[in-house]
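Structural description and commentary
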Amino acid sequence: YGAPYVDSELHADSIKVNGIVVGDIRFDAKWLEGQGALDLNGVLTRGPIKALDFTGRMGIKDDNELAMLLILDRFDLSLVNPYLPGGISDIGGEVTGNVALTGTLGAPELNGKVEVVNAGLRIDYLNTRYTFSNTVNIAPDMFTVDNAVVHDEEGNSGKMGATVIHDRLKNWNYDIWGSISRVLVLNTTEDLNPLYYGRAYGSGDFGVSGYEGSLEINVDARTAPGTDIHFPVGGSTEVSPIGFVQFNDPDSTAEEAEVDLSGVSLNMNIDVTPDARMELIFDPTVGDIMSGRGRGNIRMGVTPAGEFSMTGQVELTEGDYLFTLRNVVNKRFQVVPGGRIVWYGDPFDAQLDLQAVYKLRAPLYDIIPPGERTDAYKKRVPVEVIMDLRDKLMNPEIGFQVRLPSVDEGIKAQVASVLSTEQERNRQVFALIVLNKF
């Protein structure tokens, strides 16, 4: 009765935390007479893997002071997921090493160094996941990684460093930086981000930082092969640029999509190269789409208030425009190199200065005045229908020209005289596009 001896043992099977399997735990505690402390020992197993051993003591007095050693063997990092801040998810990988656990039960402190294998995380806004294997240094209030080789989901690599600061495993604050070479930096769909979406590969420098409710992404890079970005800019019910042909959809109730970007700060400085393919979707329901490649510079930004902006310009080097008039016309124009798309801030208010050409062969017989027609005009000659797109991206001014590159100047003058009015020019353009003849 003078010196009681207490020994306890606890076994818990198939423990889960927030739906994540932790494993089976065995926990032993012995009372250390005269020391006012508990001697603690335990093991966490997950199938055949003994993921965690711990041993040490916890004082009953002095705020439950800890003096523990954690021995990790392929410990599953996914257990951290329930405690992550917004913007980062899908933590995974395995940890092996020794970590000292000191401080108190209310304010624990970790110190040590561990090796992580295939540690990874997903950046939700970009929908990209990155993994690395490296040494992680652990201090009481932070985790640090230096000069690690990081891989995207396709095996492309770069280098990175990271600092993750916390307050007793709460109030996370992180800063990740590095350089990449043809790494996947965007992998979204229209459902995830209707403003712009697709796959983008980049080479350059990046930084990701944030805390609960705030995410800042900084990218200074150039586009790499495989980049394919889509900008839905249309959906207008009036799809015909020809004066006497107009289609209207009285049942349309489409509204401009809104994306909740609150709390996200995005700064992307992108050197656009011909490796990247861009697509402007004027009307996805009928396939009114312009796609191409070019070179230039674009700055894209999102403020924490959710305001999205684009500035810069791209000069097209190649491309095509699938020109449609509902079910009447479906012709592919080739974009003339040298055209430009310029953004001044509003992503939906870009300025166009483009030309596209539809090439065909047609006889001149029907456009030559009746008194001057001969059988020679029944021979098909090269004809080019030039489409000019000017002014606002969302509502461009569209005009047409007809060019005869191989006939003599006298015939060109005759045809130009017939096409001198906009109404007649549009009528002939419509005939060429639909019927392949004047």
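Fair warning: this is a prediction, and the values are worked out from it, not measured in the lab.

Some words on the overall build of the chain
A count of helices and strands for the chain gives two helices and 23 strands. Counting every position in the chain, which comprises 438 residues, the buried fraction comes to 45%. Partitioning the intrachain contacts of the chain with sequence separation of at least 6 by distance along the chain shows that 50% fall at a separation of at least 24. Accessible area for the chain stands at about 22300 Å²; split by element, carbon and sulfur atoms hold 50% of it.

Structural notes on unusual backbone geometry
Despite not being glycine, Asp 90 has its phi angle at roughly 60°, a positive value. Within the element layout of this structure, Asp 90 appears in strand β6 (residues 88-103). Overall, the relative accessible area of 34% leaves Asp 90 in the partly exposed class. You will see that Asn 147, though not glycine, has its phi angle at about 50°, which is positive.

Points about the nonpolar core
Residues Tyr 125, Tyr 196, Phe 333, Leu 364, Val 383 and Val 385 are the most contacted members of the largest nonpolar core, which totals 107 residues. Once residues within four sequence positions are removed from consideration, Tyr 196 is found in contact with Tyr 125, Leu 186, Thr 188, His 230, Phe 231, Leu 266, Met 300 and Phe 308.

Considerations on the side chain of Thr 273
Mapped onto the fold, Thr 273 is located in the loop between β15 (264-272) and β16 (277-283). At a separation of 2.8 Å, a polar atom in the side chain of Thr 273 contacts the side chain of Thr 223. Contact partners of Thr 273, with chain neighbours within four places excluded, come to Thr 223 and Gly 294.

Focus on the pattern of salt bridges
Following the criterion strictly, the structure yields 18 salt bridges and no others. Arg 26 is the salt-bridge partner of Asp 28, the closest N and O atoms lying 3.9 Å from each other. Under the relative-accessibility criterion, Arg 26 is labelled partly exposed at 38%. Measuring nitrogen to oxygen at the nearest pair gives 3.0 Å for the salt bridge that ties Glu 384 to Arg 403. Note that Glu 384 is positioned in strand β22 (residues 380-392) and Arg 403 in strand β23 (residues 397-403), a separation of 19 residues in sequence. Overall, the relative accessible area of 13% leaves Glu 384 in the buried class. On the basis of relative accessible area, Arg 403 is assigned to the partly exposed category, the value being 43%.

Describing the pairing of strand β10 (residues 157-165)
In the sheet, strand β9 (residues 142-151) pairs with β10 via eight bridges, with the strands oriented antiparallel. Each bridged residue has a counterpart across the sheet, and for Val 149 the counterpart in β10 is Lys 159. The hairpin turn running from β9 into β10, its antiparallel successor, is five residues long, and Gly 155 in that turn takes a positive phi close to 95°. Note: β10 against strand β11 (residues 173-188), eight bridges, orientation antiparallel. By the bridge assignment for β11, Gly 161 is matched with Trp 177.

Some details on empty space enclosed by the protein
Tallying each qualifying case throughout the model produces three cavities of 30 Å³ or more. Put simply, the largest cavity is a space of about 270 Å³. Lining the largest cavity we find 21 residues, and of these Ala 200, Thr 223, Ile 229, Ile 270 and Met 300 sit closest to its centre. Mapped onto the lining of the largest cavity, the elements with two or more residues apiece are β11, β12 (197-211), β13 (214-223), β14 (228-232), β15 and β17 (288-302). It is β13 that contributes the most residues to the lining of the largest cavity, four residues altogether. Across the lining of the largest cavity, the residue classes tally to 17 nonpolar, three polar and one charged.

Quick word on the packing of aromatic side chains
A complete count under the given rule lists five aromatic pairs for this structure. Ring centres 5.5 Å apart and planes at 40° place the aromatic pair Phe 333 and Tyr 358 in the tilted group. Here Phe 333, found in strand β19 (residues 329-335), pairs with Tyr 358, found in strand β21 (residues 351-363); they are 25 residues apart in sequence, far enough to count as distant. No difference in accessibility class separates Phe 333 from Tyr 358, as the two residues are buried.

Description of helix α2 (residues 422-435)
Along its 14 residues, α2 runs 19 Å from first to last C-alpha, staying within 8% of the 20 Å computed at 1.5 Å per residue. Burial in α2 covers these residues: Glu 424, Asn 426, Gln 428, Val 429, Ala 431, Leu 432 and Ile 433. Downstream of α2 by one or two residues, Asn 436 has phi in the positive range, about 60°.

Side note on the confidence of the model for the chain
This prediction gives the chain a mean pLDDT of 83; 90% of its residues lie at or above 70. Ignoring residues within four places in sequence, the model shows residues 235-259, a span with pLDDT below 50, making 43 contacts including any to other chains.

Thoughts on the environment of Asp 24
Relative to the helices and strands, Asp 24 is located in strand β2 (residues 20-32). As for Asp 24 and Lys 50, which are separated by 26 residues in sequence, their C-alpha atoms are 9.5 Å apart. Filtering out sequence-adjacent residues up to four positions away, Asp 24 remains in contact with Ala 12, Asp 13, Ser 14, Val 43, Leu 44 and Thr 45. A distance of 2.7 Å separates the side chain of Asp 24 from the backbone nitrogen of Ser 14, its partner in a polar contact.

A short note on the environment of Ile 298
Note that Ile 298 resides in strand β17. Residues Ile 298 and Gly 312, 14 residues apart in the sequence, show an inter-C-alpha distance of 4.5 Å. Contacts of Ile 298, omitting those with residues within four sequence positions, involve Met 268, Asn 269, Ile 270, Val 272, Met 310, Thr 311, Val 314 and Trp 343.

Procedures and definitions
Counting starts from 1 at the beginning of each chain's written sequence and moves along it residue by residue. Predicted model: local features are reported for residues with pLDDT of at least 70 only, side-chain atom pairs are reported and counted for 80 or more only, and whole-chain, interface and lining totals are derived from all residues. Side-chain measures here rest on the full set of heavy atoms in the structure, leaving out hydrogens and waters. Going along the chain from the N terminus, every DSSP run of H or I of four or more residues is numbered as a helix, and every run of E of two or more is numbered as a strand. Buried means the residue's accessible area, taken with a 1.4 Å probe over protein chains only, is under 20% of the maximum for its type, while exposed means over 50%, and partly exposed covers the values in between. Only heavy atoms enter the contact rule, under which two residues are in contact if any of them lie within 4.5 Å. Method for areas: the Shrake-Rupley scheme with a 1.4 Å probe, in which residue coverage is limited to the protein chains shown. For this analysis, a nonpolar core means a set of buried residues of the types Ala, Val, Leu, Ile, Met, Phe, Trp, Tyr and Cys, connected via side-chain atoms within 4.5 Å. By the criterion applied in these results, polar contacts are pairs of N or O atoms within 3.5 Å in which, for protein atoms, one can donate a hydrogen and the other can accept it, and in which residues neighboring in sequence qualify only through two side-chain atoms. For this document, the term salt bridge refers to a Lys or Arg side-chain nitrogen within 4 Å of an Asp or Glu carboxyl oxygen. Criterion used throughout: strands pair if DSSP finds at least two bridges between them. For cavity detection a 1 Å grid was placed over the protein atoms alone, and a set of points counts as a cavity when a 1.4 Å probe fits there but cannot get out; an open set counts as a pocket when protein lies on both sides within 12 Å along at least five of seven lines, with lining residues being those that have an atom within 4 Å of a point. Grid points are joined across faces, edges and corners, and a volume is the space filled by probe spheres set on the points. Residues were grouped as follows: Ala, Val, Leu, Ile, Met, Phe, Trp, Tyr, Cys and Pro as nonpolar; Asp, Glu, Lys and Arg as charged; and all remaining residues, including Gly, as polar. The criterion for an aromatic pair is that two Phe, Tyr or Trp rings (for Trp, the six-membered ring) have centres within 6.5 Å, with stacked assigned to planes under 30 degrees apart, edge-to-face to planes over 60 apart and tilted to the rest. Residue count minus one, scaled by 1.5 Å, sets the expected span of a helix. A residue's pLDDT is the predictor's confidence in that residue, given on a scale from 0 to 100.

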